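Residue-level structure breakdown
Single-letter residue listing:
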Amino acid sequence: MFKHILVPVDGSETAQMAVDKASALAKAFGSQVTVIYVIDPYPFTGVGTDFAYGQAEYLNAATAEANESVKVAKQSFADAGVNVDTSVVEAHTAWRGIVEAGESLQADLIVMGSHGRNALEKLVLGSVAQAVLSHTKLPVLVVRDAK
């Protein structure tokens with residue numbers, strides 16, 4: 001039923017819950033799995049030149065965080081006996097990176113957490129899951145924290 005599952009991660013608990021659900025689905029359907037982490041390479045666009053100095057530091061930190069998140073997800077899939085491809089993707093917004101990755105990889109399901117690490121980011125930027133649901137034509141399984 002699902003030949004290729006896309007799993008965006010951000011290092012949050014809900015993303016890890018999505019990894020667990022995707023792992024079970026992949027085993028059940030024999031699906032190929034791709035894990036991605038989306039980095040916005042220009043998060044300070046429109047804020048002003050005062051933040052330009054921190055661009056390189058931001059990208060270094062974001063890349064390290066991305067690599068760690070995909071490493072943890074890859075290990076979870078490996079522990080479950082599921083092969084997985086991983087990728088760090090750059091896009092102006094996380095939701096856009098997820099939608100574009102789903103299309104370019106020809107995924108037929110996106111499994112993602114309902115919210116990421118930071119409630120303040122959600123208030124300021126909006127829900128990534130909500131934006132993905134609004135902009136993709138693919139089925140999306142949104143995994144929620146039971147709390």
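A short tour of the structure in this document, coming up.

Attention now moves to the packing of aromatic side chains. Summed over the entire model, instances satisfying the criterion amount to one aromatic pair. Their ring planes at 90 degrees and their centres at 5.4 Å tell us that F2 and F29 sit as a pair that is edge-to-face. Taken together, the residues F2 in the segment before β1 (4-8) and F29 in helix α1 (residues 13-29) connect sequence positions 27 residues apart. Judged by its relative accessible area of 16%, F2 falls in the buried class.

On the basis of which strands lie adjacent, the open sheet formed by five strands has the order β3-β2-β1-β4-β5 and parallel pairing. Taken across any chain shown, the strands that pair with only one partner, and hence form the sheet edges, are β3 (85-90) and β5 (140-143). Pairwise comparison of adjacent strand axes, ignoring direction, gives a mean angle of 25 degrees for this sheet. Here β1 runs beside strand β2 (residues 32-39); their pairing, made up of five bridges, is parallel. Across the sheet, the residue bridging to H4 is Q32, located in β2. Where helix α3 (residues 94-104) meets the sheet, its contacts fall on β1, β2, β3 and β4 (109-113), and the angle it forms with β2 comes to roughly 150 degrees. This element, helix α5 (residues 128-135), spans β4 and β5 of the sheet and lies at about 160 degrees to β4.

The rules behind the values
- Residues numbered from 1 in each chain as written.
- Predicted model: local features only at pLDDT ≥ 70, side-chain atom pairs only at ≥ 80, totals over all residues.
- Heavy atoms only, no water.
- Phe/Tyr/Trp six-rings, centres within 6.5 Å; stacked < 30°, edge-to-face > 60°.
- Helix = DSSP H or I, 4+ residues; strand = E, 2+ residues; numbered from the N terminus.
- Buried < 20%, exposed > 50% of the residue type's maximum accessible area, 1.4 Å probe, protein only.
- Pairing = 2+ DSSP bridges.
- Axes fitted to C-alpha atoms, helices over the stretch in contact; angles between N-to-C directions.
- Contact = heavy atoms within 4.5 Å.

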